[in-house]
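Architecture and fold: a report
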Amino acid sequence: MSKCIRCGSEIPDGIFVCPVCGIDVQLVPNYEMLDLDMMIRQSISEEKKAEQLEERREIRRKHDSKRRFLKRLCTIALIAIAAIGISIAVMTIRSTMTVSGDEFDTAFKDAQTMYEDGDYQNAYNAVNTALGYDEGSIEAQILKAKIAYFGLENKDEAISILRNIIADNDSQSDAYDVLLEIYADSGDYDNIADIMGEAPESIRSAFADYIVDQPVFSVDGGTFSEDVELVLTAGDGCEIYYSTESGADFDDYSLYSEPVKISDGETKLTAVAVNGKGIHSKTASRTFNIVYDIPNTPVISTASGAYTGDDNKVTIEPVDGCTIYYSVDSKPSASSSVYSGPVEMQEGRHFVYAIAVNERGTSSQIAAMWYEYTPEIEKPETTVPSGGDNDTPDTPSSGGNSRPTQRPTQRPTQRPTQDPTQPPEPTEEPTPEPTQPPTPTEEPTPEPTQPPTPTEEPTPEPTQPPEPTEEPGDDFTDQDAPSRAE
């Protein structure tokens, strides 16, 4: 007999199928029975584990399927609930909108009617009521801006409303229309130029009348040595107004009709273009500084020093394009004497000054010189006795008292050493008294045979030129100015 390897039941010999479990009987030698039994038991254990694992998997599959079913069911329920809620909300909103729309229309129309009738405060309240029903209404916002500016004179609020509309939609032409009208009415042309400069091309084309370019200057500002003839130009159909007064109001501007001549000094010219609609451009300004060239300083060709006799002419060299004015002992100006030829010296010590003045009235620096002039002293006459000796020297006879025959022949030539670029201040200097010739001495009646000898008169020393008491200004040139300390 043998045992079934699965259930362990005894199997009679000759039977090849286990009568209990129905497994085929395996014939093995007796020495392998123990190992085979272990293998069978292990195989049975693994099969049980596999069956249990499969059972657990089946249970999990059933659980997952149930859970998915419940999830789908919940989802369907939620969708249904949401659909019902949305339907209810839509119906509510539609009902509300219908009511609000009617109330908005009523309030907006009331605001329009009140605005047109001049009832601005009630119009302002009504348009605010309309915006309470529909705060996004562009039409109501624009009406509110118009009521604020044209009715209640609240410019800032009106501009703020319109600028907010344009910021959200830069193609909102109705908002541009009212905003530009407000700026033009208040004379705020710079903001018009800024708004139109930032607007899209469609707006610029629609409101081209509000675009006015600045005037163009033919000459840029700067420093010039000659007069400037300034030409201003602007766009077609525009007039130009300008002013050379700092801070002048537009009402004080002059209408430009011909080139503007800008002359001596600093001039700031401001101009603005105005089109046929009365819209102004931005102002344009240029500053011109005209500094004329100073004429050359005239040259007094007569050197400073002492003079006598016929050598008494002061000569001044001409300067091209200028008139020479001169003066004696005083500072010269365009009202001084006009130099037309050599000027005679006055007796005594004096200063001569000269300036050159061109056609524009610009004066040169002052030229100066000094001189001390002594007129020629006449020769004294002497009495010649009758019947005198031929060896007696010839002397002039006067039939009276004789006078000296000698006179100063030496002319001082010493010149001061003072810097010629710093001559004394031109001042009125008293003319020194001319040197009186000595009185001839009384001579005795000569002997008939001996002619009287005239008394020798000493030759006077040349008189030194007196020092000036004050110095002239620093704005003149002196080729030979007198020294302050000789």
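Time to look at the pairing of strand S16 (residues 322-328). Across the seven residues of S16, five count as buried, placing the element largely inside the fold. Of the pairings in the sheet, the one linking S16 to strand S19 (residues 348-358) comprises seven bridges and is antiparallel in character. Bridge assignment links Tyr325 to a residue of S19, and that residue is Ile355. Inspection of the sheet shows S16 paired to strand S17 (residues 337-338) by two bridges, in the antiparallel sense. Bridged to Tyr326 within S17 is Ser337.

Let's shift gears to the sheet that holds strand S8 (residues 254-255). The strand order across the open sheet built from five strands is S4-S11-S10-S7-S8, with neighbouring strands paired in mixed fashion. Both edges of this open sheet fall to strand S4 (222-224) and S8, since each of them pairs with a single strand only. Bridge count between strand S7 (residues 239-243) and strand S10 (residues 265-274): five bridges; the pairing is antiparallel. In the sheet register, Ile240 faces S10, and the bridge partner there is Ala273.

Moving on: the packing of helix H4 (residues 155-168) against helix H5 (residues 173-185). Relative to each other, H4 and H5 sit at 145°, their axes nearing to 9 Å. In the crossing of H4 with H5, the sense of the turn from one axis to the other is left-handed. Facing H4, whose interface residues are Lys155, Ala158, Ile159, Leu162, Arg163, Ile165 and Ile166, H5 presents Ala175, Tyr176, Val178, Leu179, Ile182 and Tyr183. By residue class, the composition of the contact of H4 with H5 is 11 nonpolar, no polar and two charged.

Next up on the list: the packing of H5 against helix H6 (residues 189-198). Running from N to C, H5 and H6 point in directions that differ by 155°, and their axes come no closer than 8 Å. When the interaxial angle is binned, H5 and H6 end up roughly antiparallel. Between H5 and H6 lies a crossing of left-handed hand. Where H5 abuts H6, its residues Tyr176, Leu179, Leu180, Tyr183 and Ala184 lie against Tyr189, Asn191, Ile192, Ile195 and Met196. A per-class count over the contact of H5 with H6 returns nine nonpolar, one polar and no charged.

Attention shifts here to a nonpolar patch on the surface. Taken together, the side chains of Phe69, Leu70 and Leu73 make up a nonpolar region of the molecular surface, amounting to roughly 290 Å² of accessible area. Taking the relative accessible area as the measure of exposure, Leu73 reaches 46% and is therefore partly exposed.

This part is about the pattern of salt bridges. By the definition in use, this model includes eight salt bridges. Linking Lys144 and Glu157 is a salt bridge whose minimum nitrogen-to-oxygen distance equals 4.0 Å. Of this pair, Lys144 sits in helix H3 (residues 138-151) while Glu157 sits in helix H4, and the two are 13 residues apart along the sequence. Residue classification places Lys144 among the buried positions, given a relative accessible area of 16%. Residue Asp227 pairs with Lys261 through a salt bridge whose shortest N-O separation is 3.6 Å. A residue pair is termed long-range when its members are at least 10 positions apart, and Asp227 in the loop between S4 and strand S5 (228-230) and Lys261 in strand S9 (residues 260-262) qualify at 34 residues. The exposure class assigned to Asp227 is partly exposed, which follows from its relative accessible area of 28%. Overall, the relative accessible area of 62% leaves Lys261 in the exposed class.

Parameters at a glance
Residue numbers run consecutively from 1 along every chain, following the written order of its sequence. For a predicted model such as this one, the threshold for reporting local features is a pLDDT of at least 70, and the threshold for listing and counting side-chain atom pairs is 80 or more; totals across whole chains, interfaces and linings nevertheless cover every residue. Think of the side-chain values as coming from all heavy atoms in the structure, minus any hydrogens and water. Whether a residue is buried, partly exposed or exposed follows from its accessible area with a 1.4 Å probe, protein chains only, as a fraction of its type maximum: under 20%, in between, or over 50%, in that order. Helix numbers and strand numbers start at the N terminus; a helix is a DSSP run of H or I with at least 4 residues, a strand a run of E with at least 2. Note on pairing: DSSP must find at least two bridges between two strands before they are called paired. Lines fitted to the C-alpha atoms define the axes, with helices restricted to the stretch that makes contact. Angles between their N-to-C directions range from 0 to 180 degrees. Helix crossings are classified by the rotation of the near helix relative to the far one: an anticlockwise turn of less than a right angle makes the crossing left-handed, while a clockwise turn makes it right-handed. Residues count as neighbours in contact if any of their non-hydrogen atoms are within 4.5 Å of one another. Under this grouping Gly is polar, as are all residues other than the nonpolar Ala, Val, Leu, Ile, Met, Phe, Trp, Tyr, Cys and Pro and the charged Asp, Glu, Lys and Arg. Here the angle decides the label: under 35 degrees means roughly parallel, over 145 means roughly antiparallel, 65 to 115 means roughly perpendicular, and every other value means oblique. Each patch is assembled from residues with relative accessible area greater than 30% and no salt bridge, linking like charges that lie within 9 Å and nonpolar side chains (Val, Leu, Ile, Met, Phe, Trp, Tyr) that lie within 5 Å. Only the protein chains shown count as covering a residue, and every accessible area follows the Shrake-Rupley method with a 1.4 Å probe. Salt bridges are defined by distance alone: a side-chain nitrogen of Lys or Arg within 4 Å of a carboxyl oxygen of Asp or Glu.

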